[in-house]
Amino acid sequence: QVQFVESGGGLVQPGGSLRLSCAASGSVFRLYAMGWYRQAPGKQRELVATISALSRNTNYGDSVKGRFTISRDNAKNTMYLEMNSLKPEDTAVYYCNRDPARFDAWGQGTQVTVSS
């Protein structure tokens, strides 16, 4: 079973940037489509972006389109989320998982706080 560990979150001012990383265990990461998800306080978890197994296709939620970029390096078993022009409404815990998500593969997530 593949496990995911997210990192790279932090406190950033509006308009700032962060780069999140998702490290996957095991040797089959390269076979999975993957996604970044986020959950803000009091809200349901939402899908932020997805990427196919070989990076040929990416998709973004409307709220992050044009600001966030998803990528992956299968040789390093790692996925990334480059976040630019951050807004206070991007504040959330960010998670990575397969696409579609597996209920038993959620990690601890990484907190992103956008505030002045």
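Before we go on, may I ask you to explain the state of the cysteines in this structure?
Each disulfide is one covalent bond, formed between the sulfur atoms of two cysteines. One pass over the full model with this rule turns up one disulfide. In this model, C22 is linked to C96 through a disulfide, with the two sulfur atoms separated by 2.1 Å. Negative torsions about the S-S bond denote left-handed disulfides, and the value of about 75° found for C22 with C96 makes this one right-handed. In this pair, C22 sits in strand β3 (residues 18-24) while C96 sits in strand β9 (residues 92-98), placing the two residues 74 residues apart along the sequence.

Teacher, can you tell me more about the pairing of strand β7 (residues 68-73) here?
Two faces belong to every sheet, and in a regular strand the side chains alternate between them. Residues of β7 alternate between two faces, with F68, I70 and R72 buried on one and T69, S71 and D73 left unburied on the opposite face. Pairing of β7 with strand β8 (residues 78-83) involves six bridges; the strand directions are antiparallel. Bridge pairing in β8 links T69 to E82. The antiparallel hairpin formed by β7 and β8 contains four residues in its connecting segment, where N77 sits at a positive phi of about 55°.

Help me understand the nonpolar core, please; the structure alone is not making it clear to me.
One recurring pattern in soluble globular proteins is that nonpolar side chains are buried together. Membership of the largest hydrophobic core comes to 28 residues, with the highest contact counts inside it found for F4, W36, M79, L81, M83 and Y94. Secondary-structure elements contributing two or more residues to this core are β3, β4 (34-39), β5 (46-51), β7, β8, β9 and β10 (110-114). Not counting chain neighbours up to four residues away, the residues in contact with M83 comprise G16, S17, L18, L20, R67, F68, Y94 and V112.

Parameters and conventions
Residues numbered from 1 in each chain as written. Predicted model: local features only at pLDDT ≥ 70, side-chain atom pairs only at ≥ 80, totals over all residues. Heavy atoms only, no water. Disulfide = S-S within 2.5 Å. Helix = DSSP H or I, 4+ residues; strand = E, 2+ residues; numbered from the N terminus. Buried < 20%, exposed > 50% of the residue type's maximum accessible area, 1.4 Å probe, protein only. Pairing = 2+ DSSP bridges. Core = buried A, V, L, I, M, F, W, Y, C linked by side-chain atoms within 4.5 Å. Contact = heavy atoms within 4.5 Å.

These figures come from the coordinates and say nothing about function on their own.
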